[in-house]
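Structural characterization, general
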Amino acid sequence: RVREAVVSTQSTGNIWQGKFPKENKGKDGHIGVAPVDAFKPQNTFGLFDMIGNTWEWTSTVYGVDPQTKMPQYTLRGGSYVDSVDGKFNHKADVTTRMGNTADAGSDNISFRCARDATSQDIARNKKQEL
């Protein structure tokens, strides 16, 4: 199912807006997962969805699940069910981290395709910051 991207000038990410868990007002234009480019890039490197929308899997080991003894991998950034201030669920922020096992699945967990920045990327980014 294709959804049209709605870009909000007041929001930089898809998070819960309303009384959790009963009412998400969708002021950012989305109830649930939004298309990856629904909001402007959140930094000068042009990366989208660094905050909110879906948790991002990383390859960094977070710890070990105490019940299953399986390794947990770091999830970062929060999702659309998280809040701007952390009053419910998690705070949607670039520094927010949690762990989960590799067999976990949910519509608010995804992964990011990325590459190393080239020296040209870094130089271009420095010019944009000036």
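All values reported here derive from a predicted model rather than from experimental measurement.

1. A look at the sheet that holds strand S4 (residues 109–111)
With respect to topology, 4 strands assemble into an open sheet ordered S3-S2-S1-S4, the strand pairing being mixed. Both outer strands of the open sheet, strand S3 (97–101) and S4, are each paired with one neighbouring strand and no more. Neighbour-to-neighbour, the strand axes of the sheet open up by a mean angle of 55°, direction not taken into account.

2. Some points on the pattern of salt bridges
A full pass over the atoms with the stated rule returns 2 salt bridges. Aspartate 85 serves as the salt-bridge partner of lysine 87, at 3.8 Å between the closest nitrogen and oxygen. The partner of arginine 124 in a salt bridge is aspartate 121, and the shortest N-O contact between them spans 2.5 Å. One end of the pair is arginine 124 and the other is aspartate 121, both in helix H1 (residues 119–129) and 3 residues apart, which spans about a single turn. Among the residues examined, arginine 124 registers a relative accessible area of 45% and is labelled partly exposed.

3. Remarks on the packing of aromatic side chains
Tallied over the full model, the rule gives 2 aromatic pairs. Where tryptophan 16 meets phenylalanine 20, the ring centres are 4.9 Å apart and the plane angle is 75°; that geometry is what we call edge-to-face. With a relative accessible area of 13%, tryptophan 16 lands in the buried category. Accessibility expressed as a relative area gives 33% for phenylalanine 20, which makes it partly exposed. A ring pair is formed by phenylalanine 20 and phenylalanine 88, whose centres lie 5.0 Å apart and whose planes are at 10°; its orientation type is stacked. Of this pair, phenylalanine 20 sits in the segment before strand S1 (55–64) while phenylalanine 88 is found in the loop between strand S2 (71–76) and S3, placing the two residues 68 residues apart along the sequence. Taken together through their ring pairs, the aromatic side chains of Trp16, Phe20 and Phe88 make up a single cluster.

4. As for the confidence of the model for the protein
Counting all residues, the mean pLDDT for the protein is 85, and 91% of those residues have values of 70 or more. Of all helices and strands in the protein, the one with the weakest mean pLDDT is H1 (82), whereas S2 scores best (96). Considering only residues more than four positions removed or in separate chains, one finds that residues 1–10, a stretch of pLDDT under 50, has 15 contacts.

5. With respect to the environment of isoleucine 109
By the element assignment, isoleucine 109 lies in strand S4. Here isoleucine 109 falls in the buried class, since its relative accessible area comes to 17%. Sequence-wise, isoleucine 109 and threonine 74 are 35 residues apart; in three dimensions their C-alpha atoms are separated by 11 Å. If we ignore the near neighbours within four places in the chain, the residues touching isoleucine 109 are Thr54, Trp55, Trp57, Leu75 and Asn100.

6. Quick look at the environment of threonine 58
Note on placement: threonine 58 falls in strand S1. Sequence spacing of threonine 58 and tyrosine 73 is 15 residues, and the spatial spacing of their C-alpha atoms is 6.5 Å. For threonine 58, the residues in contact, after removing those within four places along its chain, are Tyr73, Thr74 and Arg76. At 3.3 Å, the side chain of threonine 58 and the backbone nitrogen of threonine 60 are in polar contact.

The rules behind these values
- Residues numbered from 1 in each chain as written.
- Predicted model: local features only at pLDDT ≥ 70, side-chain atom pairs only at ≥ 80, totals over all residues.
- Heavy atoms only, no water.
- Pairing = 2+ DSSP bridges.
- Helix = DSSP H or I, 4+ residues; strand = E, 2+ residues; numbered from the N terminus.
- Axes fitted to C-alpha atoms, helices over the stretch in contact; angles between N-to-C directions.
- Salt bridge = Lys/Arg side-chain N within 4 Å of Asp/Glu carboxyl O.
- Buried < 20%, exposed > 50% of the residue type's maximum accessible area, 1.4 Å probe, protein only.
- Phe/Tyr/Trp six-rings, centres within 6.5 Å; stacked < 30°, edge-to-face > 60°.
- pLDDT = per-residue confidence, 0-100.
- Contact = heavy atoms within 4.5 Å.
- Polar contact = N/O pair within 3.5 Å; in protein donor to acceptor, adjacent residues only side chain to side chain.

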